[in-house]
Amino acid sequence: MFPSWGAVHRWAKPLPLLSSRPSSRFFPTIRSPSDAVSYSKWAMKSVADADPVVVAADRNYGSKQVISVTPRLYDYLLANVREPQVLRELREETATMRGSQMQVSPDQAQLLAMLVQILGAERCIEVGVYTGYSSLAIALVLPEGGRLVACERDARSLEVAKRYYDRAGVSHKVDVKHGLAADTLKSMIHNGESSSYDFAFVDAEKRMYSDYFELLLQLVRVGGIIVIDNVLWHGKVADPLVNDLKTVSIRDFNKKLMDDERVSISMVPIGDGMTICQKR
């Protein structure tokens, strides 16, 4: 285990892909309160001991073996992330703060930075900065003349982000916008900045995802990329019994993206799930 990584993931046992016949091999039968207690103990143990490979029983998927990211395997993954010292220090400070679960994981930040580099992006937008881990990862790989518009409504967390931009020597690349992100994006469109950005990352109010996406689609150029975080929402999107407002809004947004011919998409199970969209 690597305790220095802090709270970067909420563990949940992945649901096995089963045929129509349930199997007690995966789910014990619960008939009484004592059975429920036993099930809880089983579930906690299964998280640590989960088989890293799940075999799909549905032959439509070719019985494909899919890797399940167990805590042990995730520790290994994190041990293979190249995390700059300043990012590590920011992550560790953020782990002591309220709401630290909102910070993206190191493997997510590394992927975002790589996407920016592959794209050759010079103009970027982030909706939802929190303490700045993802925006700092992006700013570090932007060219000297690059610009990142960082939208955040919480002044306290934004102060932490700005402090680390200074420490990393990238403050000149980051244009901090304190306020409601939708208002900032609308103002940018009004100012004639449509189709002038290469890359955008969204990790903010989930019920606003559709609104943010429509605004960013105007601001990002053809061929540019928009990345949306938390699209798997701790697995709740796949549970038909969960229908709270945030879960439903993310589920509806995911369906909207599936049907949206304006973008090419790829949903990837990294962190809490991210969908990478390229504007056509």
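By the naming in an unreviewed UniProt entry, the protein goes by S-adenosyl-L-methionine-dependent methyltransferase superfamily protein and is assigned to Abeliophyllum distichum. Listed in UniProt under the heading Sequence similarities (unreviewed entry), the comment for the protein reads: "Belongs to the class I-like SAM-binding methyltransferase superfamily. Cation-dependent O-methyltransferase family."

Draft legend 1. Representation of the pattern of salt bridges. A complete count under the given rule lists 18 salt bridges for this structure. Counted as one network, the salt bridges with shared partners bring together Arg-123, Arg-147, Asp-175, Lys-177 and Glu-193.

Draft legend 2. Highlighting the side chain of Asp-198. Relative to the helices and strands, Asp-198 resides in strand β6 (residues 197–202). For Asp-198, a relative accessible area of 10% translates into the label buried. From its side chain, Asp-198 meets the backbone nitrogen of Glu-122 in a polar contact 2.8 Å long. Sequence-distant contacts of Asp-198, defined by excluding residues within four places in its chain, comprise Leu-119, Ala-121, Glu-122, Arg-123, Val-220, Arg-221, Gly-224 and Ile-225.

Draft legend 3. Geometry of a nonpolar patch on the surface. Taken together, the side chains of Ile-67, Val-69, Leu-73 and Tyr-76 make up a nonpolar region of the molecular surface, amounting to roughly 380 Å² of accessible area. Relative to the elements of secondary structure, Leu-73 occurs in helix α2 (residues 71–79). In this structure Leu-73 comes out as partly exposed when scored by relative accessible area, which is 30%.

Draft legend 4. Fine view of the nonpolar core. Core analysis: the largest hydrophobic core is formed by 34 residues, its most contacted members being Cys-124, Leu-136, Tyr-165, Phe-199 and Val-227. Contributing elements (two or more residues each) for this core: α3 (85–94), α4 (106–119), α5 (133–141), β4 (147–152), α6 (155–168), β6, β7 (220–229) and β9 (274–279). What Leu-136 contacts, discounting residues up to four positions off in sequence, is Val-86, Leu-87, Leu-90, Tyr-164, Tyr-165, Ala-168 and Val-170.

Draft legend 5. Looking closely at the pairing of β6. Counting buried residues in β6 gives six out of six residues, a clear majority hidden from the surface. As defined by bridge partners, strand β3 (residues 123–127) adjoins β6 across four bridges and the pair is classed as parallel. For Glu-126, the partnering residue across the bridge sits in β6 and is Phe-201. For β6 and β7, the ladder comprises five bridges, and the chain directions are parallel. Bridge pairing in β7 links Ala-200 to Ile-226. Of the crossover connections in this fold, the one passing from β6 over helix α8 (residues 209–219) to the parallel β7 is right-handed.

Draft legend 6. Representation of the sheet that holds β3 within the structure. Strand order in this open sheet of seven strands is β5-β4-β3-β6-β7-β9-β8, and the pairing throughout is mixed. Only two strands of the sheet have a single neighbouring strand rather than two, namely β5 (174–178) and β8 (263–268). The mean inter-strand angle of the sheet, taken between neighbouring strand axes irrespective of direction, is 15 degrees. In this sheet, β4 lies alongside β3 in parallel orientation, the contact comprising five bridges. When the bridges of β4 are listed, Cys-124 appears paired with Leu-148. Along the sheet, helix α7 (residues 181–190) contacts β3, β4, β5 and β6; its crossing angle with β3, the most-contacted strand, is approximately 155 degrees.

What counts, and where the lines are drawn
Residues numbered from 1 in each chain as written. Predicted model: local features only at pLDDT ≥ 70, side-chain atom pairs only at ≥ 80, totals over all residues. Heavy atoms only, no water. UniProt positions renumbered as here; feature names shortened; annotations may be inferred. Salt bridge = Lys/Arg side-chain N within 4 Å of Asp/Glu carboxyl O. Helix = DSSP H or I, 4+ residues; strand = E, 2+ residues; numbered from the N terminus. Buried < 20%, exposed > 50% of the residue type's maximum accessible area, 1.4 Å probe, protein only. Polar contact = N/O pair within 3.5 Å; in protein donor to acceptor, adjacent residues only side chain to side chain. Contact = heavy atoms within 4.5 Å. Patch = residues over 30% accessible without salt bridge, like charges linked within 9 Å, V, L, I, M, F, W, Y side chains within 5 Å. Areas by Shrake-Rupley, 256 points an atom, 1.4 Å probe, with all protein chains shown as cover. Core = buried A, V, L, I, M, F, W, Y, C linked by side-chain atoms within 4.5 Å. Pairing = 2+ DSSP bridges. Right-handed = clockwise from strand over helix to strand, strands pointing away. Axes fitted to C-alpha atoms, helices over the stretch in contact; angles between N-to-C directions.

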